Amino acid sequence: MSPIQLSTFPSSVDALSWSPDGDLAVAGGDHVRILTSTVNSGGTLIKQRWNQWHPTNVQTNRFTNAEWPTILTQGREDFSIAAEQSTSLTTAIAWSPSGLARYRRSVLAVLTSNLLLSIWEPAGVNGQWVRVCLVNHCLFATTPVRLEGTELRKVNIRSFKWCPPIRVSPHGGSSDDSDPESRWGIHLILVANDLNEVVLLQIRRRSNPETVSQTIITEKLATHTVVVGDGEFPTAGRGTLLYAALQAQARITALSCGPWIVSSVPGNNSVHTADTLVAVILANQLRLLKVTVTLTEYDSDKKVTPRFETKALFQEFEINPSPVKLVQHRLQGPLEWIYEDESPKIILAVCTNSDFITVEIPRSSYSASEPASNKVETWEWDISSLPAEDGGPGKPHYERVSGMTVSRDEHNTSTALNVGTHGGLGAVISLKDIISKGSLVIPQWCKDMNNFRDCHAQKQGWENLTVARIWGLGSWRSVTAVLFTTHPTDMIEYRIGTGNYSYIEIAGAWNTEMLFRPDPKHSDPEYARRQREKVITFVLSHVDNLNSEDIEDQKMVYHAACCAIADGQPEAVLSQARKCFERLAVVTGADMSEEMSKCGLKSAKIFAKRIEKQSQPGGHLFEWCGICGDGGIAWSAATVAQCVNGHAFARCGLSFQIIQSADVSKFCLACRKEYVDEDLVSLNNGPQGRLFLKEFHKFDTCIYCGGKFGPFVA
């Protein structure tokens, strides 16, 4: 299959990021190119092709004076001419874990060359993205009138990295996973500034934002200063002017957070601790920091959001003696952690000038407080050991590693590290082979990239005088994508703006066409009925809390009980539905004789009500057609409905109520099931009932396929 062609040129290494939702992002100059599969928005699954992507250009270098004031020239220790006079090109991008953006999707963090880190999320229909946060603002000690001196260095962000989410078990260890912290986790991000401070920030979403720019809340948890050691520059004479200049200008160039190991405090189930290691590259040397996060659970009766009070603490994690291989090399990013749930070792991959080194840390030492003396193993991997394309021995190479990614299968039982260099070399090795000191293998994505390079060279008349340069790697569902460009060799390369193309090759695309399609089992009617049973049982369990004032909650319970009858739910669910009808008859005074009489039948139909029922007690429970005005709507199916005059409507997949207006809908991007958008309903019709919000809060992904939601697209 042909790779995806982009009319943009990468502006940095590691310029490709693949989100947990399947969206690709490429850093290209003053913008970010975001690609969304047409399967997610078109709805026609049979005609899907891998070259059918919806591209979006997001301009990321425009900031107002209110967002970031003009910085006046200052002393050379604190002022960066390159950063202040740059055109704010994109230097790094990374998708967050799922759960931060609307519809529980991922947000995109973008670092520009003026040292500003912003967070973006989709807004409205496809193609509209908005900046919802400027992370630098969180680093202000106070809101300054003018940034200068060390305050300016404190807020200049040099690098960042998303942390894996911290997932905590539900209240009391129950199986109820309705809390966002249980499903999506607590989101944290690491940033490094010009003072060589590593700052841990908590990122969370505001429940009811007043404006789009206030949807994301950032909170600083802990700060740790990494000091440049005396032996960081062995080639420069200690005490010389060169040595002093190198030491003063050393900056943190890369950092990465490892997996969290979560445990409960003995004797206190409401307090949890999470430990991790943070790898930092400062002055081309590796530093390890231990981070301990303490989560104190608020009283569940108070219904506080967020559920935990979060505190963090940094500690130095010394490796004594330091492995010789780490001291001998000039280390640089990117950094990647390789691990599995039960793996005995947690491994860090660190790049050198042209190869990479793995640092193996035993799991027992990873979370322990004592130093891991003599327990850490290192191994240097020579990418030149890979055979050449003609089968002969590999040739020495001098290009840096420009992309690393860890690919995992769906069940997190198979993990592999993919590495690509700026010279077009690629390698892959599994976690098991890293531990057993196996050999590197040429990956499929590298072979596909080279095949395209050869075809492109023949088309241009370059014969074999071409080279491919890798600019980044990304993985999703064990599939790997590579961002690369093609260049002529042994000749002068001439490019113009319209000829700057880059390509994304997806490994084994011929065998991954089902990546964006729902699982075939989700089309089984019996599977859909079991999924609706979970929702119905959840809603009907709140019948005892009904009172005469909760009109919206009454409607939720009524339609869930009607769905149980029309859908042919099990006897236990129908018995609970009958109790709900009895309760509704008492609370509202409505006549529920027909509904109660059909609770013992299999897939019965509840006929439409006569128009005079609308003005009688409990008339708000029944559905009426908004087109003809006087037509009642029967309950015959869980997915569709029709009034007595023939007007058809879709039913919401959660509330089971009819959707009479498309502007309050959201769709599952995988199976195209229609749901009510709770935010738009609350905006148009006012505050909804507590049960309505609780249900949509618990079932925040598609109940039929687990897919993420998106806005209505005509």
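Note that the coordinates shown come from a computational prediction; the quantities given were computed from them, not determined experimentally.

Reading the values: rules and limits
- Residues numbered from 1 in each chain as written.
- Predicted model: local features only at pLDDT ≥ 70, side-chain atom pairs only at ≥ 80, totals over all residues.
- Heavy atoms only, no water.
- Helix = DSSP H or I, 4+ residues; strand = E, 2+ residues; numbered from the N terminus.
- Buried < 20%, exposed > 50% of the residue type's maximum accessible area, 1.4 Å probe, protein only.
- Contact = heavy atoms within 4.5 Å.
- Areas by Shrake-Rupley, 256 points an atom, 1.4 Å probe, with all protein chains shown as cover.
- Pairing = 2+ DSSP bridges.
- Axes fitted to C-alpha atoms, helices over the stretch in contact; angles between N-to-C directions.
- Phe/Tyr/Trp six-rings, centres within 6.5 Å; stacked < 30°, edge-to-face > 60°.
- Lys NZ or Arg CZ within 6 Å of the ring centre and 35° of its normal.
- Left-handed = near helix turned anticlockwise from the far one by under 90°.
- Nonpolar A, V, L, I, M, F, W, Y, C, P; charged D, E, K, R; others polar.
- Expected span 1.5 Å × (residues − 1).
- Polar contact = N/O pair within 3.5 Å; in protein donor to acceptor, adjacent residues only side chain to side chain.
- Disulfide = S-S within 2.5 Å.
- Salt bridge = Lys/Arg side-chain N within 4 Å of Asp/Glu carboxyl O.

This part takes up the overall build of the protein chain. Along the backbone of the protein chain there are 15 helices and 34 strands. Relative to its full complement of 714 residues, the protein chain shows a buried share of 54%. In the protein chain, 58% of the contacts between residues at least 6 apart in sequence involve partners at least 24 apart. Accessible surface, the protein chain: about 32,000 Å² in total, of which carbon and sulfur atoms supply 50%.

This part takes up the sheet that holds strand S28 (residues 502-506). With antiparallel pairing, the 4 strands of this open sheet are ordered in space as S1-S28-S27-S26. In this open sheet, the two edge strands, each paired with only one partner strand, are strand S1 (4-6) and strand S26 (466-476). When strand polarity is set aside, the average angle formed by the axes of neighbouring strands in this sheet is 25°. Relative to S28, S1 runs antiparallel, the two sharing 3 bridges. Looking at the pairing, Ile-4 lines up with Ile-504 of S28.

Bringing the packing of aromatic side chains into the picture now. Under the definition given, this model contains 14 aromatic pairs. Each member of the aromatic cluster is reached from another via a ring pair, and the members are Phe-356, Trp-379 and Trp-381. Just above the ring of Tyr-339 sits the side chain of Arg-408; from NZ or CZ to the centre is 4.5 Å.

Sheet architecture is open: 4 strands sit in the order S19-S20-S21-S22, paired in antiparallel fashion. Bordering the open sheet on either side are strand S19 (332-338) and strand S22 (377-381), each of which pairs with just one other strand. Averaged over all neighbouring strand pairs, the angle between strand axes comes to 20°, with direction disregarded.

Our focus in this paragraph is the packing of helix H11 (residues 551-566) against helix H12 (residues 571-588). Across the interface, H11 lies against H12 with an axial gap of 9 Å and an inter-helix angle of 145°. Judged by the twist between their axes, the crossing of H11 over H12 is left-handed. Only Val-573, Leu-574, Ala-577, Cys-580, Phe-581, Leu-584, Val-587 and Thr-588 of H12 make contact with H11, whose side of the interface consists of Gln-554, Val-557, Tyr-558, Ala-561, Cys-562, Ala-564 and Ile-565. Looking at the contact of H11 with H12 residue by residue, the class counts come to 13 nonpolar, 2 polar and no charged.

The next subject is the environment of Ile-536. Within the fold, Ile-536 resides in helix H10 (residues 525-540). The spacing of Ile-536 and Ser-655 is 119 residues in sequence and 9.0 Å in space, taken between C-alpha atoms. Excluding its chain neighbours within four sequence positions, the residues that come into contact with Ile-536 are Ala-560, Cys-563, Ala-564, Gln-569, Val-573 and Phe-656.

Once that is clear, we can look at H10. The end-to-end C-alpha separation of H10 is 22 Å, in line with the 22 Å expected for 16 residues at 1.5 Å each. Burial in H10 covers these residues: Tyr-527, Ala-528, Gln-531, Arg-532, Val-535, Ile-536, Phe-538, Val-539 and Leu-540. Next to the buried residues of H10 lie H11, H12 and helix H15 (690-698).

Turning to its location among the elements, Thr-358 is positioned in strand S21 (residues 356-362). Given the relative accessible area of 0%, Thr-358 is considered buried. Between the C-alpha atom of Thr-358 and that of Glu-377, which follows or precedes it by 19 residues, the distance is 8.1 Å. A polar contact is formed between the side chain of Thr-358 and the side chain of Trp-381, at a distance of 2.9 Å.

End to end, helix H9 (residues 444-460) covers 24 Å across 17 residues, agreeing with the expected 24 Å (1.5 Å per residue, within 8%). Taken together, the buried positions of H9 are occupied by Trp-445, Cys-446, Asp-448, Met-449, Asn-450, Phe-452, Arg-453, His-456 and Ala-457. In this structure, the buried side of H9 is in contact with strand S24 (415-421), strand S25 (426-430), S26, strand S27 (479-488) and S28. After H9 finishes, the residue Gly-461 shows a positive phi value of roughly 80°.

If you walk through the whole model with that rule in mind, you get 0 disulfides. Cys-257 provides the cysteine sulfur closest to Cys-163, a residue in no disulfide bond, and the two sulfurs are 3.5 Å apart. The class for Cys-163 is buried, based on a relative accessible area of 2%. Free cysteine: Cys-628, not disulfide-bonded; nearest cysteine sulfur from Cys-625 at 3.6 Å. The class of Cys-628 is partly exposed, set by a relative accessible area of 25%.

Moving on, we get to the pairing of S27. Counting buried positions along S27 gives 10 out of 10 residues, so the element sits mostly inside the fold. Of the two faces of S27, the one holding Val-479, Ala-481, Leu-483, Thr-485 and His-487 and the one holding Thr-480, Val-482, Phe-484, Thr-486 and Pro-488 are both buried throughout. Pairing between S26 and S27: 10 bridges, direction antiparallel. In the sheet register, Ser-475 faces S27, and the bridge partner there is Thr-480. Two successive antiparallel strands, S26 and S27, enclose a turn made up of 2 residues, where Arg-477 displays a positive phi of approximately 55°. Looking at chain direction, S27 and S28 are connected through 4 bridges and run antiparallel. Its bridge partner being in S28, Ala-481 is matched across the sheet by Ile-506.

Next up on the list: the pattern of salt bridges. Summed over all chains, the structure comprises 26 salt bridges. Asp-550 serves as the salt-bridge partner of Arg-690, at 3.3 Å between the closest nitrogen and oxygen. Of the two residues, Arg-690 is situated in helix H15 and Asp-550 in the loop between H10 and H11; the sequence distance between them amounts to 140 residues. Take Arg-690: its relative accessible area is 59%, and that puts it in the exposed class. Here Glu-678 and Lys-666 are joined by a salt bridge, their closest N and O atoms 2.8 Å apart. With Glu-678 in helix H14 (residues 678-685) and Lys-666 in strand S32 (residues 665-668), the pair connects residues that are 12 residues apart, well separated along the chain. Each member of the pair, Glu-678 as well as Lys-666, carries the same accessibility label: buried.

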